Amino acid sequence: MDYVKNAVKLRRELHQIPELGWGEFCTTAKILETIEPLGWKTYAGVEQVGLDAVMGRPEDFVEKSKPRALEEGVDPKLIERMHGYTGTIAELDTGKPGPVTGLRFDIDCVGVEETDLKDHLPNKENFRSRHAGVMHSCGHDGHTAVGLTMAQWIVDHKPEFGRFRQTKSSQLFDYQRVQSFFKLLSCVHARACP
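Topic: the packing of helix 2 (residues 25–35) against helix 6 (residues 140–156)
For the pair helix 2 and helix 6, interaxial distance at closest approach is 10 Å and the crossing angle is 15°. On the basis of their axis angle, the class for helix 2 and helix 6 is roughly parallel. Two packed elements cross with a definite hand, and for helix 2 against helix 6 that hand is right-handed. Where helix 2 abuts helix 6, its residues T27, I31, T34 and I35 lie against T144, L148 and A151. In terms of residue class, the contact of helix 2 with helix 6 is made up of 4 nonpolar, 3 polar and no charged.

Here you go:
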């Protein structure tokens, strides 16, 4: 597999479907549909959120986001599985003992209209945002694409590694407090980067 071409392809697909935090049903579905066939065990929606810690989740916005995801072609069973909460945690157990490596990737966008300038690459190459008033000016489309491509790369190199856990979530200030790290990510040991 050409990992760079894969990441570019995924990023362009994700760039077209930007979603604000708590409404990332299309993005969460794309993640699940990409990594589950690779053998990753996934936890989606309420399976990975500590409901008692949820703050700032606008129920009316969440409910408006679901029909749009269905219009975009998201499988209704995936929407149902999420129970109104987006994001995923995925685990790949290689069967080897040792530490668990955790990776985290953001999936939300920002409320900014994408430019109409002809020289803007998404306009030139036909992958601009399909949703008015929102776009991935933040780069989280690339962040997610890199995460999904890494998931493939890790599977392709599975014999070389121990266990991995990836989280796909919205902003750190919002979701890091609500994901069930105590339960699902308790074995991941933080390490400061030099």
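The discussion continues.
Focus on the environment of M1
Along the chain, M1 turns up in the segment before helix 1 (3–15). Sequence separation between M1 and D156 is 155 residues, and the spatial gap between their C-alpha atoms is 9.3 Å. Setting aside residues no more than four positions away along its own chain, M1 makes contact with N6 and Q152.

Topic: the environment of T144
By the secondary structure assignment, T144 is in helix 6. Taking the C-alpha atoms as reference, T144 lies 5.9 Å from I107; in sequence the two are 37 residues apart. Among residues more than four places away in sequence, those in contact with T144 are L14, T27, I31, D106 and I107.

Some thoughts on unusual backbone geometry
The backbone of W22 shows a phi angle near 75°, a positive value even though the residue is not glycine. Position of W22 among the secondary structure elements: in the loop between helix 1 and helix 2. Even without being a glycine, H83 presents a positive backbone phi close to 50°. You can see H83 is positioned in the loop between helix 4 (76–82) and strand 2 (88–92).

Procedures and definitions
Residues numbered from 1 in each chain as written. Predicted model: local features only at pLDDT ≥ 70, side-chain atom pairs only at ≥ 80, totals over all residues. Heavy atoms only, no water. Axes fitted to C-alpha atoms, helices over the stretch in contact; angles between N-to-C directions. Helix = DSSP H or I, 4+ residues; strand = E, 2+ residues; numbered from the N terminus. Parallel < 35°, antiparallel > 145°, perpendicular 65-115°, else oblique. Left-handed = near helix turned anticlockwise from the far one by under 90°. Contact = heavy atoms within 4.5 Å. Nonpolar A, V, L, I, M, F, W, Y, C, P; charged D, E, K, R; others polar.

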